[in-house]
Amino acid sequence: MRKHILQIFAAISSTFTLLAAAAGILASNRLMYLKKKDEELILERETSAKRYDEVWYANVKKEERWIESENGYKVHAIFLEPHDTLYYAIICHGVTETKVNSFKYARMFEKLGYNSVVYDHRRHGSSGGKTTSFGHYEKFDLKAVVDMLKKHVGPDLVFGIQGESMGAATTLLYAGLRDDAAFYISDCGYSDISEQVLHVMQTTTPVKTSLVFKLASFFLKLRDGYHIRTVSPREVIKSIKKPVLFIHSLQDQVVEPKMSVEMHDLKEGPKALKLFEHGAHAQSFNENTEEYTETVMNFLADYDLLPEGYSRKKLIAFEDFEDKQKETTG
């Protein structure tokens, strides 16, 4: 009788173990292989919204680069160089997007006298890499892009990094690793991916318990080599000495605005915070383009990071010129 009971308990235990393993693998799959947006649809979206200008892209001075990542694959980047300058902005797109979504920010920085570098995160666009790690491995890819830019421009390079959503988290995690940029812009970034995943899971799925997340976390460590709880920009923010601009839309229901407020409050030294009334997740620029540009310009001006000759007056003249060009071609 006792032997029979032990066999039943063993069978039940094995069943629960198998179910837990299956749940952990499925949940970790959802994170590692998060469904991406269709690349052609991204291009069509940005083109139809006039945030990507095919004529501009065809004519702007640019150079394509394939950059070796220490993670063992190549990162696809484009160096956009409309100006003869040593000022550059590296732009990090959000999860499920591609570098096409970064061109709108490249145009913004162009107005401010900066050249830009846009690139695809691992497992996105044309870059290599099999999994998404929400900033853990991505920060090392960003490091490779920075190193290539330094080699390309030379010792007098002045550069900043702008990131959106996962790109913002990657930007801050990189800054915690190596605080060598002149400035950072964190647009709708999460302060901790564990809290972010739990928030999304509990607000968009029937699963309300943290057990599934704990299983996913365990299997991520086994399968992808990192613990998800280490992806926490909050933990590195105090070590960042350079200026950081935090941007968020108050209507963001994906990454809560309080995360940017929290990081701004934790940041010591030079910093700024801009909360927009309008715009869903990662839509601050799209919904508030002029005010967004002015916010970035003022931030750069406050810390003497605008190239010589660039100011509000220069920006207005540039916009007037663009409007006249559109009228002529339209």
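This one's a predicted model, so the numbers in the text were calculated from it and none came from an experiment. Starting from 1, residues in each chain are numbered consecutively following that chain's sequence as written. Whole-chain, interface and lining totals are the exception, using all residues; otherwise, since this is a predicted model, local features are given only for residues with pLDDT of at least 70 and side-chain atom pairs are given and counted only at 80 or more. Side-chain measures here rest on the full set of heavy atoms in the structure, leaving out hydrogens and waters.

Q: What am I meant to see in the overall build of the protein chain here?
A: On a plain count of helices and strands, the protein chain comes out with 13 helices and eight strands. Of all 330 residues assigned to the protein chain, the portion counted as buried reaches 52%. Any two residues whose heavy atoms approach within 4.5 Å at even a single point are treated as in contact. Across the protein chain, the fraction of contacts at a sequence separation of at least 24, relative to all contacts at a separation of at least 6, is 72%. To be clear on the numbers: accessible area is Shrake-Rupley with a 1.4 Å probe, and residue cover counts the displayed protein chains and nothing else. Summing over all exposed atoms, the protein chain offers an accessible surface of approximately 15,900 Å²; the carbon and sulfur share of this is 56%. We count a stretch as a helix when DSSP gives it H or I for four or more residues in a row; a strand needs E for two or more, and each element gets its number in order from the N terminus. Note on exposure labels: buried denotes an accessible area under 20% of the residue type's maximum, exposed denotes more than 50%, and partly exposed covers the range between, all computed with a 1.4 Å probe on protein chains only.

Q: How should I be thinking about the nonpolar core in this particular structure?
A: Throughout this description, the term nonpolar core refers to a set of buried Ala, Val, Leu, Ile, Met, Phe, Trp, Tyr and Cys residues connected via side-chain atoms within 4.5 Å. If you look at the biggest cluster of nonpolar residues, it comprises 33 residues, and the most contacted ones within it are Leu-80, Phe-103, Phe-109, Phe-183, Val-296 and Leu-300. Listed by contribution, the elements that provide at least two residues to this core are α3 (54-59), β2 (74-80), β3 (87-92), α4 (103-111), β6 (183-187), β7 (244-249) and α12 (289-302). With residues near it in sequence (within four places) discarded, Phe-183 still touches Phe-109, Tyr-114, Phe-159, Gly-160, Ile-161, Pro-243, Phe-299, Leu-300 and Leu-305. By size, the runner-up hydrophobic cluster in this structure holds 29 residues, among which are Ile-67, Tyr-73, Ala-77 and Phe-79.

Q: Even after reading the chapter, I still don't get the packing of aromatic side chains, so can you show me in this structure?
A: Working definition: a ring pair exists when centres of Phe, Tyr or Trp rings (six-membered ring for Trp) sit within 6.5 Å. Plane angles under 30 degrees give stacked, over 60 give edge-to-face, the rest tilted. Across all of its chains, the model carries 17 aromatic pairs by this definition. Measuring from centroid to centroid gives 6.0 Å for Tyr-105 and Tyr-292, while their planes differ by 40 degrees, and the two rings are tilted. With a gap of 187 residues between them, Tyr-105 in helix α4 and Tyr-292 in helix α12 connect regions that are remote in the sequence. In terms of burial, Tyr-105 and Tyr-292 fall into one category: buried.

Q: How do you make sense of a negative patch on the surface when you look at a structure like this?
A: Among the surface-exposed residues, Asp-38, Glu-39, Glu-40 and Glu-44 lie close enough to one another that they form a single negatively charged patch. Position of Asp-38 relative to the elements: it lies in the loop between α1 (2-32) and α2 (39-48). Each patch is built from residues lacking any salt bridge and having more than 30% relative accessible area; the joining distance is 9 Å for like charges and 5 Å for nonpolar side chains (Val, Leu, Ile, Met, Phe, Trp, Tyr). The term salt bridge refers to a side-chain nitrogen of Lys or Arg lying within 4 Å of a carboxyl oxygen of Asp or Glu. Counted as positive: Lys and Arg. Counted as negative: Asp and Glu. His and the chain ends are not counted at all. Working definition for charges: the position is that of NZ of Lys, CZ of Arg, CG of Asp or CD of Glu.

Q: Help me out: how do you make sense of unusual backbone geometry in this one?
A: Peptide bonds are mostly trans, and most non-glycine residues show a negative phi. Phi angles above zero are rare outside glycine, and Phe-134 is one such case at about 60 degrees. In this structure, Phe-134 sits in the loop between β4 (115-119) and α5 (138-153). Backbone geometry places Cys-188, a non-glycine residue, at a positive phi of 50 degrees. Looking at the element boundaries, Cys-188 is found in the loop between β6 and α7 (193-204).

Q: Please explain helix α10 (residues 257-266) as it appears in this structure.
A: Side chains that are three or four residues apart share a direction in an α-helix, a result of its 3.6 residues per turn. Of the residues making up α10, those classed as buried are Pro-257, Met-259, Ser-260, Met-263 and His-264. One side of α10 holds all its buried residues, which, seen down the axis, span an arc of 160 degrees. Every exposed residue of α10 that faces more than 90 degrees away from the buried side is listed here: Lys-258 and Asp-265. Of the surrounding elements, those touching the buried residues of α10 are α6 (166-177), β6, α7, α9 (233-236), β7 and β8 (271-276). Note that the arc is defined by the directions from the helix axis to the C-beta atoms.

Q: Would you take a moment to explain the pairing of β7 for this structure?
A: Here is the key point about a regular strand: its side chains alternate between the two faces of the sheet. Counting buried residues along β7, six of its six residues qualify, which places the element largely inside the surrounding structure. Side chains Val-244, Phe-246 and His-248 of β7 all project onto a buried face; the interleaved residues Leu-245, Ile-247 and Ser-249 project onto the opposite face, where all are buried too. Both β6 and β7 contribute to a ladder of four bridges, which runs parallel. If you follow Ile-185 over to β7, its bridge partner there is Leu-245. Strands are treated as partners if at least two bridges between them are detected by DSSP. As defined by bridge partners, β7 adjoins β8 across six bridges and the pair is classed as parallel. Counted as the bridge partner of Val-244 is Lys-271 from β8. Taken together, β7, α10 and β8 form a β-α-β motif whose crossover is right-handed. The path from the first strand over the helix to the second decides the hand: if it runs clockwise while the strands point away from the viewer, the crossover is right-handed.

Q: Can you walk me through the side chain of Arg-107 in this structure?
A: Looking at the element boundaries, Arg-107 is found in helix α4. Assessed through its relative accessible area of 18%, Arg-107 is described here as buried. By the criterion applied in these results, polar contacts are pairs of N or O atoms within 3.5 Å in which, for protein atoms, one can donate a hydrogen and the other can accept it, and in which residues neighboring in sequence qualify only through two side-chain atoms. A polar contact of 3.2 Å, which involves the side chain of Arg-107, links it to the side chain of Glu-110.

Q: Before we go on, may I ask you to explain the packing of α4 against α12 in this structure?
A: Two elements in contact, α4 and α12, have axes whose closest approach is 10 Å; the angle formed by their N-to-C orientations is 50 degrees. The angle between α4 and α12 places the two elements in the oblique class. The two elements α4 and α12 meet at a crossing, and its hand is right-handed. Where α4 abuts α12, its residues Tyr-105, Met-108 and Phe-109 lie against Tyr-292, Thr-293, Val-296 and Leu-300. Residues of the contact of α4 with α12, tallied by class, amount to six nonpolar, one polar and no charged. Fitted lines through C-alpha atoms serve as axes, helices being fitted only where they are in contact, and the angles separating the N-to-C directions of these axes extend from 0 to 180 degrees. Roughly parallel refers to an angle under 35 degrees, roughly antiparallel to one over 145, roughly perpendicular to one between 65 and 115, and oblique to any angle outside these ranges. Definitions for this section: a left-handed crossing has its near helix turned counterclockwise from the far helix by less than a right angle. A right-handed crossing has that turn clockwise. Classification used: nonpolar for Ala, Val, Leu, Ile, Met, Phe, Trp, Tyr, Cys and Pro, charged for Asp, Glu, Lys and Arg, polar for all others including Gly.

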